[in-house]
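Okay, here's what each chain looks like letter by letter:
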Amino acid sequence: MVSGPALLKVSWSVIEDREGAKLKPFFRFGLAVLIAGAPTASVSYCIEPSIYASEPSFSGHEPSAPSSFQKPDVPYCLSSYSYSGTHACEEYELNAYFDEVEEYVEALEEYYEEALSFAREAIDYANEAKAFSNEIQQFADEVLEYAKCEAEDVSTQHE
């Protein structure tokens, strides 16, 4: 079998294109690049890991319940209504009281909706945090494999 410089001499003399022009310069350059780039010993290639995970975000804004000071007080004119069934209230007093009750109930409903939204966000955050944790664990595993590959490469480079 022919190898090394003898192979080069044989190869250069036989390579011609269709018109018969010799392609020696191109072949020499290509062969020189291949020989220069060819490793003399077995070389491993270690790929450094990278991570593209983004940390989950959480507003942490807890809803606040309506203040107890917002809770409407029963007007004095209705104090006897629970046991007598009658009251001494004017219509405007009753309307004002019912309006306050309605506003307080609306505030409680808004608090409920905010609490539901907060709970959903907390659940989403927990799921994102778990996924982020899994990505970080995978990255750590890849770093370990990279470190092992580099260590093996360094320990065998002198052979």
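Residues numbered from 1 in each chain as written. Predicted model: local features only at pLDDT ≥ 70, side-chain atom pairs only at ≥ 80, totals over all residues. Heavy atoms only, no water.

**So, the state of the cysteines**
Working step 1: On inspection of all chains with the given rule, the structure shows 2 disulfides.
Working step 2: Disulfide pairing places C46 opposite C149 at an S-S distance of 1.9 Å. Its S-S torsion of about -85 degrees marks the bond between C46 and C149 as left-handed, since a negative value means left-handed. Of this pair, C46 sits in the loop between helix 2 (24-37) and helix 3 (81-84) while C149 sits in helix 4 (residues 91-156), and the two are 103 residues apart along the sequence.
Working step 3: Covalent S-S linkage joins C77 and C89, the inter-sulfur distance amounting to 1.8 Å. Classification of the bridge connecting C77 and C89 rests on its S-S torsion, roughly 100 degrees, and on that basis the disulfide is right-handed. Taken together, the positions of C77 in the loop between helix 2 and helix 3 and C89 in the loop between helix 3 and helix 4 put the pair 12 residues apart, joining distant regions of the chain. (Disulfide = S-S within 2.5 Å. Helix = DSSP H or I, 4+ residues; strand = E, 2+ residues; numbered from the N terminus.)

**Here's the deal with the environment of C77**
Working step 1: C77 sits in the buried class, given a relative accessible area of 12%.
Working step 2: In the structure, C77 is positioned 16 residues away from E93 in sequence and 8.5 Å away in space, judged by C-alpha atoms.
Working step 3: Dropping the residues within four chain positions of it, C77 is found in contact with H87, A88, C89 and E93. (Buried < 20%, exposed > 50% of the residue type's maximum accessible area, 1.4 Å probe, protein only. Contact = heavy atoms within 4.5 Å.)

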